[in-house]
Amino acid sequence: MTDFYRMGRHYASLPRHERLWFEFPPMSLGDCAEFNRGFDDAKREQLIVTRLMIALAVVAVCACVFFWWIGK
């Protein structure tokens, strides 16, 4: 049996050029909903991680500038 939730999460992690060649098995309406739920969850997690990395980079740069300013 195919796990459409996991397949949706995997599809979300593929680069755009590889998504063109992804072969989908036949899906019912419920299977399609599970696939979309997995895709949405993976994209939401990617967005959270991206925002966290940006925030950490900003904090690191501010800390470097602060310690440079203190040592001056």
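Reading guide: rules and limits
Residues numbered from 1 in each chain as written. Predicted model: local features only at pLDDT ≥ 70, side-chain atom pairs only at ≥ 80, totals over all residues. Heavy atoms only, no water. pLDDT = per-residue confidence, 0-100. Helix = DSSP H or I, 4+ residues; strand = E, 2+ residues; numbered from the N terminus. Axes fitted to C-alpha atoms, helices over the stretch in contact; angles between N-to-C directions. Parallel < 35°, antiparallel > 145°, perpendicular 65-115°, else oblique. Left-handed = near helix turned anticlockwise from the far one by under 90°. Contact = heavy atoms within 4.5 Å. Nonpolar A, V, L, I, M, F, W, Y, C, P; charged D, E, K, R; others polar. Polar contact = N/O pair within 3.5 Å; in protein donor to acceptor, adjacent residues only side chain to side chain.

Chemist: So what's going on with the confidence of the model for the protein? Which residues, and what values?
Modeler: Averaged over all residues, the pLDDT of the protein equals 92, while 99% of them reach at least 70. Averaged pLDDT values for the elements of the protein fall to 85 in helix α2 (residues 16-19) and rise to 96 in helix α3 (residues 29-71).

Chemist: Go over the packing of helix α1 (residues 4-13) against α3 with me, naming the residues and quoting the values.
Modeler: At a minimum axis separation of 7 Å, α1 and α3 run at an interaxial angle of 45°. Comparing the axis directions of α1 and α3 gives the class oblique. Helix-helix and strand crossings are classified by hand; for α1 and α3 the assignment is right-handed. Where α1 abuts α3, its residues Phe 4, Tyr 5, Met 7, Gly 8, Arg 9, Tyr 11, Ala 12 and Ser 13 lie against Asp 31, Glu 34, Phe 35, Arg 37, Gly 38, Phe 39, Asp 41, Ala 42, Lys 43, Glu 45 and Gln 46. Looking at side-chain class alone, the contact of α1 with α3 contains eight nonpolar, four polar and seven charged residues.

Chemist: Quick one: what's the story with the side chain of Asp 41, residue by residue and with numbers?
Modeler: Within the secondary structure layout, Asp 41 lies in helix α3. Within the structure, Asp 41 has its side chain in polar contact with the side chain of Tyr 5 (distance 2.7 Å). Residues in contact with Asp 41, not counting those within four places in the same chain, are Tyr 5 and Arg 9.

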